[in-house]
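# Structural overview
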Amino acid sequence: MKERDNLLEKYSSRVFKNRKTHITQLEGDSDTIAANTRAIPGILTARGCCYAGCKGVVVGPIKDAVTITHGPIGCAFYSWGTRRNKAKPSYKGEQNFIPYSFCTDMRPTDIVFGGEKKLEQGIDEIMEMFNPKCIFICSTCPIGLIGDDVQAVARRVEKKYGITAVGFSCEGYKGVSQSAGHHIANNGLMRQIIGSGDMKPKGKYSVNILGEYNIGGDGWEQERILKKIGYEVVSVFTGDGSYETIKNAHLADLNLVMCHRSINYVAQMMKTKYGIDWLKVNFIGIGATCKSLRMMAEYFNDPELTKRTEEVIAEELEAISDDVEYYKSMLKGKTAGIFVGGSRSHHYQALLRDFGIETIIAGYEFAHRDDYEGRDIIPSIKPDADSKNIEEITVSPDEELYHERYSAEQIEQLKERGVELDTYDGMFPDMKKGYIVVDDYNVFETDELIKTMKPDIFFSGIKDKYAIQKSGVVSRQMHSYDYSGPYAGFNGAVIFGRDVAMSIYTNAWALITPPWKSTPILEGVVGGEK
Ligand code: SF4
């Protein structure tokens with residue numbers, strides 16, 4: 001297809017051979033894509049590292065745990081407060097360490113003689129000053145190279161202070177992207193935290209929200225809606241989440257999965273160990289939120305809950321309909337490109353469609369093939385050398401706590417009724433023929449696709465934003481929401497519509513070309529003619 005071929009033909013033969021498998025111009029049912037492989041050196045990938053996926057994404061937002069970055073200062077400094085996973089104490093006196101960044105600040109002598117001692121001293125200081133109930137130790141690049149044993153330190157600390165301490169070997173060079181860090185974080189939470197509490201939910205319908213990081217308050221908007229209907233939210237993984245609640249997650253009735261990429265391991269392991277089903281939801285988008293709420297009601301199969309769900313949906317839609325119509329009148333017919341991490345490039349297509357915007361280019365930094373093509377593809381994914389060194393843990397049904405909510409037959413019936421249980425179909429089915437999907441996109445491909453596909457607006461991250469805007473195309477940050485949000489749920493949709501309309505209709509776009517470049521400023525006559 002034209003745009004894809006134009007893009008690829010600019011590469012040298014070796015790069016061409018690799019990149020052609022990561023760029024797909026959709027044709028129909030049998031589209032495939034290569035993903036979760038090494039980035040090409042020097043190509044300016046947008047990817048981050050394993051530490052970013054573990055500390056930055058999954059465990060860092062747990063507010064009442066102290067997360068220590070074990071390594072030189074850079075990793076801790078650049079990940080300090082830059083991801084907008086909001087958190088506040090849920091009750092008076094609850095600890096909230098989110099504003100802090102803790103680091104062992106390793107120096108050359110620690111590299112030479114080892115950093116375990118410094119780490120333990122640092123933890124002694126933390127215990128004295130903050131007395132947390134839980135400590136996470138996140139390893140950075142040098143830790144694995146010099147052989148510090150963060151798991152052994154965690155065990156010593158647990159014994160010494162009677163707290164929970166988890167060591168994560170999430171050195172930045174592990175795997176090929178943030179994705180390896182998600183997996184390592186999931187393993188640690190499953191091994192040491194989930195299942196260690198015994199506080200049963202009090203409500204009739206209880207859920208955990210998995211893979212929701214409360215960027216700009218997204219999780220709070222979701223909780224507002226769920227509580228209004230009558231759900232009890234036992235825990236959130238991990239935006240505004242806490243060690244105290246995640247301990248009890250295994251006692252909830254249902255897991256709701258927002259970001260499939262970062263948390264599907266926990267969802268699957270909780271299904272095996274405790275029998276909790278997981279439902280792929282999307283609370284980004286008005287239509288998507290309604291669909292997710294209806295699937296939840298269908299799962300619990302209680303007429304009262306179904307009635308309440310419909311009442312809340314009607315009330316919420318009524319409250320936002322005028323604003324949505326107004327922004328839709330400004331945005332209908334526009335086109336968009338989205339390059340984000342591992343789930344939003346799919347989730348946001350639903351919200352954009354609510355405003356009449358079509359997503360013609362989409363891509364992920366670190367998704368796997370199942371995020372593009374659906375989970376059915378998993379058995380055929382061949383692990384390579386980079387993924388083989390990420391530990392896979394296996395769990396078995398817990399003798400006391402396993403309890404099957406529905407039989408396999410009932411689950412099949414629910415699936416037939418449209419309840420997306422224990423499965424995810426990925427991004428491809430929601431996109432049309434001719435649209436482009438790029439895995440592990442880079443600066444050159446972003447620039448070229450903007451030139452050939454000409455989207456009206458482009459959503460990606462901080463590293464791309466200003467280059468895109470300098471080329472005259474509106475860019476909005478889809479990781480940080482450009483310091484706005486929330487964008488989830490019903491109220492979030494209105495804020496999103498407002499932000500997109502504001503960005504596209506900013507007067508400055510008409511002023512990029514100076515007047516003297518488009519209209520002559522001197523007028524005169526030649527050779528005395530009149
Ligand atoms: S790659 Fe290594 S040095 Fe860079 S942020 Fe990740 S852990 Fe730190």
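Now for a look at the structure at hand. In this numbering scheme, every chain counts its residues from 1 along its sequence in written order. For this predicted model, a pLDDT threshold of at least 70 governs which residues receive local features, and a threshold of 80 or more governs which side-chain atom pairs are given and counted, while totals over whole chains, interfaces and linings are taken from all residues. For side-chain calculations, the full set of non-hydrogen atoms in the structure is used, while hydrogens and water are omitted.

### Quick look at the packing of helix 13 (residues 286–300) against helix 21 (residues 489–504)
- Fitted lines through C-alpha atoms give the axes, limited to the stretch in contact for helices. The angle between two N-to-C directions lies from 0 to 180 degrees. A run of H or I in DSSP becomes a helix once it reaches four residues, and a run of E becomes a strand once it reaches two; helices and strands are each numbered from the N terminus. Where helix 13 contacts helix 21, the two axes come as close as 9 Å, and the packing angle between them is 170°. Considered as vectors, helix 13 and helix 21 are oriented roughly antiparallel to each other. Residues Ile286, Thr289, Cys290 and Leu293 of helix 13 form the contact with helix 21, whose participating residues are Gly489, Phe490 and Ala493. Comment on the angle field: the value is read as roughly parallel under 35 degrees, roughly antiparallel over 145, roughly perpendicular from 65 to 115, and oblique elsewhere. Contact between two residues is taken to exist if any of their heavy atoms lie within 4.5 Å; hydrogens are not considered.

### A word on unusual backbone geometry
- Backbone torsion omega between Phe237 and Thr238 reads -5°, so that peptide bond is classified as cis.
- Omega for the peptide link from Gly485 to Pro486 comes to -5°, which places this bond in the cis form.
- The topology assignment puts Pro486 in the loop between strand 14 (474–477) and helix 21.
- Backbone geometry places Asn131, a non-glycine residue, at a positive phi of 50°.
- As for its position among the elements, Asn131 is in the loop between helix 6 (116–129) and strand 4 (134–139).
- Each residue is placed in one exposure class: buried if its accessible area under a 1.4 Å probe, protein chains only, is under 20% of its type's maximum, exposed if it is over 50%, and partly exposed if it falls in between. Classification of Asn131 by relative accessible area gives exposed; the value is 52%.
- Despite not being glycine, Tyr481 has its phi angle at roughly 60°, a positive value.
- When you line up the elements, Tyr481 lands in the loop between strand 14 and helix 21.

### Considerations on a nonpolar patch on the surface
- Only residues whose relative accessible area exceeds 30% and that form no salt bridge enter a patch; like-charged residues are grouped when within 9 Å of one another, and nonpolar side chains (Val, Leu, Ile, Met, Phe, Trp, Tyr) when within 5 Å. Here the Shrake-Rupley method, with its probe set to 1.4 Å, supplies the accessible areas, and only the displayed protein chains count as covering residues. Any carboxyl oxygen of Asp or Glu within 4 Å of a side-chain nitrogen of Lys or Arg constitutes a salt bridge here. On the surface, a cluster of nonpolar side chains totalling about 500 Å² of accessible area is made up of Ile73, Phe77, Tyr78 and Trp80.
- Position of Ile73 relative to the elements: it lies in helix 4 (residues 73–78).

### Looking at the pattern of salt bridges
- Enumeration over the complete set of coordinates arrives at 39 salt bridges.
- Measuring nitrogen to oxygen at the nearest pair gives 3.5 Å for the salt bridge that ties Lys432 to Glu358. Residue Lys432 is found in the loop between helix 18 (408–416) and strand 12 (436–439), and its partner Glu358 is found in strand 11 (residues 358–364); the two are separated by 74 residues along the sequence.
- A salt bridge links Arg369 to Glu373; the nearest nitrogen and oxygen atoms lie 2.8 Å apart.

In short, the description is geometric, and any link to function would need to be established separately.
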